[in-house]
Amino acid sequence: MQPLAERMRPTNLDNYIGQSKLVGPEAVLRKAIESGNIPSFILWGPPGVGKTTLANIVANQLKRPFHALSAISSGVKDIREVISKAKSQRFFDQPNPILFIDEIHRFSKSQQDALLGAVEKGVVTLIGATTENPSFEVIPALLSRAQVYILEHLSKDDLIKMVDHAVENDEILKKKKIKVEEYDALLRFSGGDGRKLYNVLELVSNFQMPGSSLTITNKHVTHLIQENLAIYDKGGEAHYDIISAFIKSIRGSDPNAAVYWLARMLDGGEDIKFIARRMIISASEDIGLANPNALLMATTCLQAIQALGMPEARIPLSQTAIYLATSPKSNSAYMAIGTALAKVKEVGHLPVPLHLRNAPTKLMKELDYGANYQYAHDHEGNFVELEFLPKEISGTDFWQPSDNPQEQKTKSIMKGYWKDKYQF
């Protein structure tokens, strides 16, 4: 018997739940599908939001030959075999077959190069699926020949609709007299992943007593999931949970835990570039100005692992994880940009003060663009006291230094420059 997630996989757009901006009435991708003239495209979004399902629907509605490869298990040889088969399926004016590549971000440059010619010549229409930003992971030549469609997290209403649809329509669940009294635990354990949601629902329904009805409550779901965690976590390495534990261990200054979660990811085959990029984020978000070298270290790590590959890449990854975990912590830069963005939304786009404006033309100079601006390097200490904010928000503090030696030193310098203007 197929798993519930497979049994409930829709075969047309009318039964597809979520992504209304892409496939709802009059939406761009729906129009392309209904016209029968689709470009190659890449679906970018988190796990379990319907990327694979959407690719299958496209092939089904357009009645085209459909080939699927997983970037985890396929090599250049597999790609060439599929392309050769696709060429043999093209007769006269028939539209080209569809080649679906799941986790296309895991394909190497050479694998993507092997695809390029077939996409350029129209031998296949490529549909890629990725959880990673394709700008970083897909070669420019291939990316320029494909549209990128962004899929969003499923909303609470979408997930509830999926549960109700399964209970009412699945050939097995509809015979079980199931009543969903509370949805919160189902949604919490799914984490917005539709596939996980169906795994949870199926697990709960499998523990129904024969001949009895089943009322699903938060307490009941929580108990069953905690008792049967290995069954529930069908993804094996719990990609997002483990990277979360890794980053939180770095933030919490625990190098032992950071290295352990790093080892878990490496042993599970996690993409090493994904790990390195997350450490770059952590270096700015969690360490920031307390140790500015952390960002340099993390960025260098990404360059190093791309040059090395596994298994040697594990060494700079470990070195960087330990360095970040043992660094002093500050989120002041992270908080500063958040506060500044909130202020922009509050007050709108205020005009740039005249003395800060560029004045490349005579007219602009006549309008006082750049007037009274003073060049800091012409003054003692390379500092001159000017107003650099719009007058409407003058005196607003966005950056608040954290209590660490590096930022306290910077704080003293700023107070020396600005006296009472920088209160902190």
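Residues numbered from 1 in each chain as written. Predicted model: local features only at pLDDT ≥ 70, side-chain atom pairs only at ≥ 80, totals over all residues. Heavy atoms only, no water.

Helix length check: helix α15 (residues 255-267) (13 residues) gives 18 Å between terminal C-alpha atoms against 18 Å at 1.5 Å per residue, within 8%. Residues of α15 that are buried: A257, A258, L262, M265 and L266. Regarding α15, its N-cap is D254, as a side-chain oxygen of that residue lies 3.2 Å from the backbone nitrogen of N256 further along. At the C-terminal side of α15, G269 shows a positive phi close to 85 degrees. (Helix = DSSP H or I, 4+ residues; strand = E, 2+ residues; numbered from the N terminus. Expected span 1.5 Å × (residues − 1). Buried < 20%, exposed > 50% of the residue type's maximum accessible area, 1.4 Å probe, protein only. Polar contact = N/O pair within 3.5 Å; in protein donor to acceptor, adjacent residues only side chain to side chain.)

Let's shift gears to the pairing of strand β1 (residues 41-44). Side-chain direction in a regular strand flips from residue to residue, so the side chains alternate between the two faces of the sheet. Pairing analysis gives four bridges linking β1 to strand β4 (residues 125-130), with the strands arranged parallel. Among the inter-strand pairings, L43 is bridged to a residue of β4, identified as A129. Examined bridge by bridge, β1 and strand β5 (residues 147-150) share four bridges and lie parallel to one another. Pairing of L43 across the sheet is with Y149, part of β5. (Pairing = 2+ DSSP bridges.)

So, about the confidence of the model for the protein. With 95% of its residues at a pLDDT of at least 70, the protein reaches an overall mean of 86. The least confident element of the protein is helix α13 (residues 229-232), whose mean pLDDT is 49; the most confident is helix α18 (residues 314-326), at 95. (pLDDT = per-residue confidence, 0-100.)

Attention now moves to a nonpolar patch on the surface. A contiguous nonpolar surface patch, about 320 Å² in accessible area, is contributed by Y373, Y375 and F388. Relative to the assigned elements, Y375 resides in the loop between α20 (362-366) and α21 (405-418). (Patch = residues over 30% accessible without salt bridge, like charges linked within 9 Å, V, L, I, M, F, W, Y side chains within 5 Å. Areas by Shrake-Rupley, 256 points an atom, 1.4 Å probe, with all protein chains shown as cover. Salt bridge = Lys/Arg side-chain N within 4 Å of Asp/Glu carboxyl O.)

Tallied over the full model, the rule gives six aromatic pairs. A centroid spacing of 6.5 Å and a plane angle of 85 degrees characterise the contact between F388 and W418, whose relative ring orientation is edge-to-face. Of this pair, F388 sits in the loop between α20 and α21 while W418 sits in helix α21, and the two are 30 residues apart along the sequence. Take W418: its relative accessible area is 10%, and that puts it in the buried class. Members of the aromatic cluster, connected to one another through ring pairs, are F383, F388, Y417 and W418. Its end group placed over the ring of Y369, R357 keeps NZ or CZ at 5.0 Å from the ring centre. (Phe/Tyr/Trp six-rings, centres within 6.5 Å; stacked < 30°, edge-to-face > 60°. Lys NZ or Arg CZ within 6 Å of the ring centre and 35° of its normal.)

Here I272 lies in helix α16 (residues 272-287). Not counting chain neighbours up to four residues away, the residues in contact with I272 comprise L266, I305, G309, M310, A313 and L317. (Contact = heavy atoms within 4.5 Å.)

Our next topic: the packing of helix α5 (residues 76-88) against helix α6 (residues 109-120). Orientation of α5 relative to α6, taken along the N-to-C sense of each, is 10 degrees, at an axis distance of 9 Å. Between α5 and α6, the angle falls in the class roughly parallel. Residues V76, I79 and I83 of α5 form the contact with α6, whose participating residues are S110, Q111, A114, L115 and A118. For the contact of α5 with α6, the class distribution of residues is six nonpolar, two polar and no charged. (Axes fitted to C-alpha atoms, helices over the stretch in contact; angles between N-to-C directions. Parallel < 35°, antiparallel > 145°, perpendicular 65-115°, else oblique. Nonpolar A, V, L, I, M, F, W, Y, C, P; charged D, E, K, R; others polar.)

Glancing now at the packing of α15 against α18. Closest axis-to-axis distance for the α15/α18 pair is 9 Å, and the angle between their directions is 150 degrees. The pairing of α15 with α18 is recorded here as roughly antiparallel in orientation. Between α15 and α18 lies a crossing whose hand is right-handed. Mapping the contact onto sequence places P255, A258, V259, L262 and L266 in α15 and R314, L317, S318, A321, I322, A325 and T326 in α18. (Left-handed = near helix turned anticlockwise from the far one by under 90°.)

Turning next to the nonpolar core. Counting 53 residues, the largest nonpolar core has L29, L201, I216 and V221 as the members making the most contacts within it. Residues I243, A298, C301 and L324 belong to the second largest nonpolar core, which totals 27 residues. (Core = buried A, V, L, I, M, F, W, Y, C linked by side-chain atoms within 4.5 Å.)

Another aspect to go through is the environment of G268. With respect to the element layout, G268 can be found in the loop between α15 and α16. Among the residues examined, G268 registers a relative accessible area of 42% and is labelled partly exposed. Along the sequence, G268 and T299 sit 31 residues apart, while their C-alpha atoms lie 23 Å from each other.

Another aspect to go through is α18. Taking 1.5 Å per residue as the helical rise, α18 with its 13 residues ought to reach 18 Å, and the 18 Å between its terminal C-alpha atoms agrees with that figure. Buried within α18 are the following residues: P316, L317, T320, A321, L324 and A325. An end-on view of α18 places all buried positions within 165 degrees of arc, on one side of the element. (Arc of directions from axis to C-beta.)

What follows deals with the pairing of strand β3 (residues 98-102). For β3, a buried count of four out of five residues is recorded, marking the element as mostly surrounded by other parts of the structure. With five bridges joining them, β3 and β4 adopt parallel strand pairing. By the bridge assignment, L99 is partnered in β4 with L126. Handedness of the crossover is the feature at issue here: the chain leaves β3, passes through α6, returns alongside β4, and the resulting connection is right-handed. (Right-handed = clockwise from strand over helix to strand, strands pointing away.)

Turning next to the sheet that holds strand β2 (residues 66-70). The strand order across the open sheet built from five strands is β2-β3-β4-β1-β5, with neighbouring strands paired in parallel fashion. Lying at the two open borders of the sheet, with one neighbouring strand each, are β2 and β5. Here the strands of the sheet are splayed against their neighbours by 20 degrees on average, with no regard to which way each runs. Sheet strands in contact with α5 are β2 and β3, and its direction is about 175 degrees off that of β2.

Let's shift gears to the side chain of R7. Relative to the elements of secondary structure, R7 occurs in helix α1 (residues 4-7). In this structure the side chain of R7 is engaged in a polar contact, spanning 2.6 Å, whose partner is the backbone oxygen of Q2.

Taken as a whole, this structure holds 17 salt bridges when the rule is applied. Across the pair R30 and D14 runs a salt bridge, and its minimum N-O distance is 2.8 Å. Within this pair, whereas R30 is found in helix α3 (residues 28-35), its partner D14 is found in the loop between α1 and α2 (20-23), the two being separated by 16 residues in sequence. Judged by relative accessible area, D14 falls into the exposed class, the value being 62%. Residues R145 and E120 are paired through a salt bridge, measuring 2.8 Å at the closest nitrogen-oxygen approach. Taken together, the residues span a long stretch of sequence, with R145 in the loop between α8 (140-143) and β5 and E120 in helix α6 at a distance of 25 residues. Since its relative accessible area comes to 45%, E120 is described here as partly exposed.

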